[in-house]
Amino acid sequence: MMSVRLARGIFKKIPIRNYSRAPCEIIEILESGFETLAQSKSQSLLKKHLTQEIFDKIKTRVTPSYCSTLLDCIQSGLCNHDSGVGIYAPDPEAYSTFAELFDPIIDDYHMGFKGADKHPATCFGYGSDFPNLDPEQRFIVSTRIRCARSIKDFPFNPCLTKKDYRHLECMINKVLKTLCNEHSGKFMALSCMEKEEQQQLIDDHLLFKEGDRFLQDANASRFWPTGRGIFINQNRTFIVWVNEEDHIRVISMEKGGDLGRAYERMIIGVESLAHSLKFSHDKRLGYLTFCPSNLGTTIRASVHIKLPNLGADKAKLEEVAKKHNLQVRGTSGEHSEAKDGVYDISNKRRLGLTEYQVVMEMHKGITALIDAECQAGSQK
Ligand code: ADP
Ligand code: DAR
């Protein structure tokens, strides 16, 4: 893979960017990376939608407040041709500065969110709207639902300074400490965590992994592990990730298929944080996130599910998932393989629907998937 690791710190002579167009050396890296990507067999949305015309139109632009360049947005996708998406927003303004590229990728990923469309107002519904997906506990090992929030007036990972990371950690942790009842818990900074404890939390699917090359090449891992950490309650059912891919990830988990209980806990958690924190929100794109695949509701509702029949034919499983707007990941999340026949299956789109509609789409999809699994079993 070509190496275009371009951390802000590399350009010693311009530690603080204050230019109105991308410098020549950045444009040279962009042109070389674009040419290599164009000749590759990449299936990323970046490759699909970054045409020569769009590239020439936006390659010199920078965002007004942080001088983020097109290279800051796409260098992960230029370095990793096996990306699914291949682009991130280094700061909130990138979505408008580079709209010619972001908009078709957003439309494609979220399955029909056009430039003129507006994300709907927040409407969570209630956990009680969603019955247990697997009351007999035949298929679903566990259920997880998460949403992301970015703190208003802060940029995203590639533009954060070490001081920003510390400031965000402190600001978010101060509010986490006020949570009560089943949402009360303890914050553990990654920098103070024993490696064994960290690995156990990762293996238990509670903590984010380290060393994601897609995030590293997007300059999302600078100053690691400064400012990164996890907040977790006593029952390990309510978790908040701080400064991994997004400033905040609010996560609720349940053993088995009780989606409604997990969802109700997440709603209370994210609304409690909203009393004290201001989030980055756009009237067209909803809640803003580092990756365009997470815009809007930012919700990913997933099950760890055993599908011995459908899972025997991955193409068939993908076909059924696609029909119901579901996304199949491996047991350890994205870019991982299924172990012991356990798949992570979730809603794919997050933008253009309300929170209630996104979770209902997942609920209906997983119900249909279980029906298909039973049918596949009866045909044996
Ligand atoms: P996200 O984008 O939501 O953070 P990832 O694909 O990175 O998702 O997964 C994050 C972690 O969450 C991984 O360890 C993954 O195994 C875990 N996970 C996802 N869904 C479930 C689930 N239903 N039950 C238990 N763990 C889950
Ligand atoms: N790995 C990147 C991001 C895909 C979406 N997942 C996120 N944002 N965690 C890719 O382009 O494959």
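Residues numbered from 1 in each chain as written. Chains lettered and ligands numbered in written order. Predicted model: local features only at pLDDT ≥ 70, side-chain atom pairs only at ≥ 80, totals over all residues. Heavy atoms only, no water.

The name given to the chain in an unreviewed UniProt entry is arginine kinase, with the source organism recorded as Drosophila virilis. A UniProt comment under Sequence similarities (unreviewed entry) is attached to the chain, and it reads "Belongs to the ATP:guanido phosphotransferase family." (UniProt positions renumbered as here; feature names shortened; annotations may be inferred.)

What is the right way to look at the site of ligand 1 in this model?
Taken together, 18 residues lie near ligand 1, and Ser-142, Arg-144, Arg-146, Ser-302 and Arg-329 sit nearest. A distance of 2.7 Å separates a nitrogen atom of ligand 1 from a polar side-chain atom of Ser-142. Note that a nitrogen atom of ligand 1 is positioned 2.7 Å from one of the side-chain N or O atoms of Ser-302. A total of 560 Å² of accessible area belongs to ligand 1 in isolation, and the protein chains cover 95% of it. Put simply, the parts of the chain that give the shell around ligand 1 at least two residues each are strand 1 (140-149), strand 5 (248-255) and strand 8 (300-306). The residue makeup of the shell around ligand 1, split by class, is three nonpolar, eight polar and seven charged. (Near = heavy atom within 4 Å. Polar contact = N/O pair within 3.5 Å; in protein donor to acceptor, adjacent residues only side chain to side chain. Areas by Shrake-Rupley, 256 points an atom, 1.4 Å probe, with all protein chains shown as cover. Helix = DSSP H or I, 4+ residues; strand = E, 2+ residues; numbered from the N terminus. Nonpolar A, V, L, I, M, F, W, Y, C, P; charged D, E, K, R; others polar.)

For this particular structure, what's the right way to read helix 1 (residues 24-39)?
Each turn of an α-helix holds 3.6 residues, which means side chains three or four residues apart point in the same direction. The first and last C-alpha atoms of helix 1 sit 23 Å apart over 16 residues, in line with the 22 Å expected at 1.5 Å per residue. If you check which residues of helix 1 are buried, you get Ile-26, Ile-27, Leu-30, Gly-33, Phe-34 and Leu-37. Down the axis of helix 1, the sector holding all buried residues measures 130°, keeping them to one side. Counted as exposed and oriented over 90 degrees from the buried face of helix 1: Cys-24, Glu-28 and Gln-39. Its buried side turned inward, helix 1 meets helix 2 (45-49), helix 3 (52-58) and helix 4 (70-79). (Expected span 1.5 Å × (residues − 1). Buried < 20%, exposed > 50% of the residue type's maximum accessible area, 1.4 Å probe, protein only. Arc of directions from axis to C-beta. Contact = heavy atoms within 4.5 Å.)

What should I look at first to understand the site of ligand 2 in this one?
Around ligand 2, the surrounding shell consists of Ser-83, Gly-84, Val-85, Gly-86, Tyr-88, Phe-214, Glu-245, Cys-291, Ser-293, Asn-294, Glu-334 and His-335. In this structure, an oxygen atom belonging to ligand 2 sits 2.7 Å away from a main-chain N or O atom of Gly-84. Between ligand 2 and Glu-334, the relevant distance is 2.5 Å, taken from a nitrogen atom to a side-chain nitrogen or oxygen of the residue. Notes on ligand 2: free accessible area 340 Å², of which the protein chains cover 92%. Within the shell around ligand 2, the residues separate by chemical class into four nonpolar, six polar and two charged.

Quick question: what am I supposed to make of the pairing of strand 9 (residues 326-329) here?
Burial along strand 9 is two-sided: Leu-326 and Val-328 facing one way and Gln-327 and Arg-329 facing the other are all buried. For strand 9 and strand 10 (residues 342-347), the ladder comprises four bridges, and the chain directions are antiparallel. When the bridges of strand 10 are listed, Arg-329 appears paired with Asp-344. (Pairing = 2+ DSSP bridges.)

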